[in-house]
Amino acid sequence: MSRSVRTSPEGSGRDLSEAYDTALLDLDGVVYAGGNAIAHAVESLSRARDGGMRLAYVTNNALRTPDAVAAHLSELGMATGAADVITSAQAVARLIAEQVPSGARVLVIGGEGLRVALRERGLEPVESAEDDPAAVVQGFGGPELPWGRFAEACYAIARGVPWYASNTDLTIPGARGIAPGNGAAVEVVRIATGAEPQVAGKPLPPMHRETILRTGARRPLVVGDRLDTDIEGAFNGEVDSLLVLTGVTDGAQLLAAPPQHRPTYVDADLRGLLTGQPDVTGDAGAGADGGFRCGGWTARAGEERLELEGDGAALDGLRALCAAAWTAGGEEGCGLDSGKALARLGL
Ligand SMILES: [Mg+2]
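Residues numbered from 1 in each chain as written. Predicted model: local features only at pLDDT ≥ 70, side-chain atom pairs only at ≥ 80, totals over all residues. Heavy atoms only, no water.

Mind showing me how you'd approach unusual backbone geometry here?
Excluding glycine, most residues fall at negative phi; most peptide bonds, likewise, are trans. Here the amide bond leading from K202 into P203 is cis, since omega sits at 10 degrees, within 30 degrees of zero. The residue H40 is not glycine, and still its phi comes out positive at about 75 degrees. Structurally, H40 can be placed in the loop between β3 (36–37) and α2 (41–50). Residue H40 is classed as partly exposed on the basis of its relative accessible area, which comes to 29%. Even without glycine at this site, E238 takes up a positive phi of about 60 degrees. Looking at where E238 falls in the secondary structure, it is placed in the loop between α9 (227–237) and β14 (240–244). For E238, a relative accessible area of 44% corresponds to the partly exposed category. (Helix = DSSP H or I, 4+ residues; strand = E, 2+ residues; numbered from the N terminus. Buried < 20%, exposed > 50% of the residue type's maximum accessible area, 1.4 Å probe, protein only.)

What is the right way to read the environment of L318 from this model?
Examined against the element boundaries, L318 turns out to sit in helix α11 (residues 314–329). Beyond its immediate stretch of four places on either side in the chain, L318 contacts L245, G251, L254, L255, V266, L342, L345 and L347. (Contact = heavy atoms within 4.5 Å.)

Which parts of the structure should I look at to understand helix α3 (residues 66–75)?
Those residues of α3 lying buried are P66, V69, A70, H72 and L73. The buried residues of α3 all sit within an arc of 160 degrees when viewed along its axis, so they share a single face. Residues of α3 that are exposed and angled more than 90 degrees away from the buried face: D67 and E75. Looking at the packing, one finds that the buried side of α3 touches β2 (32–33), β4 (54–59), β5 (85–87) and α4 (88–97). (Arc of directions from axis to C-beta.)

Can you help me understand the pairing of strand β18 (residues 297–301) in this one?
Every other side chain in a regular strand lies on the same face of the sheet, so the side chains alternate between the two faces. For strand β17 (residues 292–294) and β18, the ladder comprises 3 bridges, and the chain directions are antiparallel. From the neighbouring strand, C294 faces β18, where its bridge partner is W297. Here β17 folds back onto β18, and the loop between the two strands holds 2 residues, one of which, G295, carries a positive phi near 55 degrees. The sheet contact formed by β18 and strand β19 (residues 306–310) spans 5 bridges and is antiparallel. When the bridges of β19 are listed, A299 appears paired with L308. Connecting β18 to the antiparallel partner β19 that follows it, the hairpin turn spans 4 residues. (Pairing = 2+ DSSP bridges.)

In this structure, what is going on with the sheet that holds β4? I would like to understand it.
One key point about sheets: their strands pair by backbone hydrogen bonds, in either a parallel or an antiparallel sense. If you walk across this open sheet you meet the 6 strands as β5-β4-β1-β13-β14-β15, and the pairing is parallel. A strand with exactly one partner marks an edge of an open sheet, and here the two such strands are β5 and β15 (265–267). The sheet shows a mean angle of 25 degrees between the axes of neighbouring strands, direction not considered. Across 4 bridges, the pairing between strand β1 (residues 22–25) and strand β13 (residues 220–224) is parallel. Counterpart to A23 in the pairing with β13 is L221. Strand contacts of α9: β13 and β14, with the helix running at about 155 degrees to β14, the strand carrying the most contacts. (Axes fitted to C-alpha atoms, helices over the stretch in contact; angles between N-to-C directions.)

Help me understand empty space enclosed by the protein in this model?
Gaps left between atoms show up when a probe the size of a water molecule is rolled over them. In the structure shown here, the tally under the stated rule is 1 cavity of 30 Å³ or more. Lining the largest cavity we find 15 residues, and of these V58, K202, H208, V222 and D230 sit closest to its centre. Listed by contribution, the elements that provide at least two residues to the lining of the largest cavity are α8 (205–215), β13 and α9. For the lining of the largest cavity, the element with the highest residue contribution is α9, accounting for 4 residues. A per-class count over the lining of the largest cavity returns 8 nonpolar, 4 polar and 3 charged. (1 Å grid on protein atoms, 1.4 Å probe; cavity = no way out; pocket = protein on both sides within 12 Å on 5 of 7 lines; lining within 4 Å. Points joined across faces, edges and corners; volume = space filled by probe spheres on them. Nonpolar A, V, L, I, M, F, W, Y, C, P; charged D, E, K, R; others polar.)

Here you go:
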């Protein structure tokens, strides 16, 4: 399948909450950070929903159940039901159920979210390699997961039992720093066994398929803060995406993004759902002289750096820079220095 390479953010013509029927929202860095709601998230989501947009929350974290995630969101002020939460545990449970006999036993290395998701598919979670499992599944188990759990996985995998992972996020950012995520735990088992797991979570197709099956979205918009999970997942699912700058991605990373990491739209935070996205104009075919324009800004790719002139809203400047950088980068990431241009925007 060939797709044209994205060389610019797009204009939306109307508010995103009207242009799309469902928002598929990442949680950490988008809706909350460190347990607290991100600025403008609660009001923006309430208004988008009042306007008729369906909201679904899509997380790679397999530890918590949809009930627990929904309760947390409701506590923050966004009334949410468990059916509005989709987890990588659900995606991997469906993947396993399609490949093992119905009612099969599955060895769980992880938390309650995985066990609940397996039971929902009619599978039986078990705790030991001696329980004759038909599959091994590994998801984030939290800080209390004992080392011996990895040994159980290795014993079963060594006998040829197929191995699955909910997701492979290497790290989990927290208040005290960066902690190892499920991807790091998967590496432990991979190194010990030499085996390869089947993986469900973002950016891979099983997760996107799970969200579409559960929401029935016809025109979804993926909303995320990470280029290599949220935005790449939207790219792989061939749906549009909005990057918000409230999480782990900064302007420089966005400008250097290769094609699969380039979002359809970019905005500062979730207020972007309630507005139309402006057009970026410019003609790459006419040469670099004309530059790319958005709002009051014009951006160009110079010899060594991205150049920006004009004034206006910072996000419009960033959108113009994206067009200049992505056009210059083509099918690769753009290597031009963006520091001075971004400093001008305060980004
Ligand atoms: Mg995130």
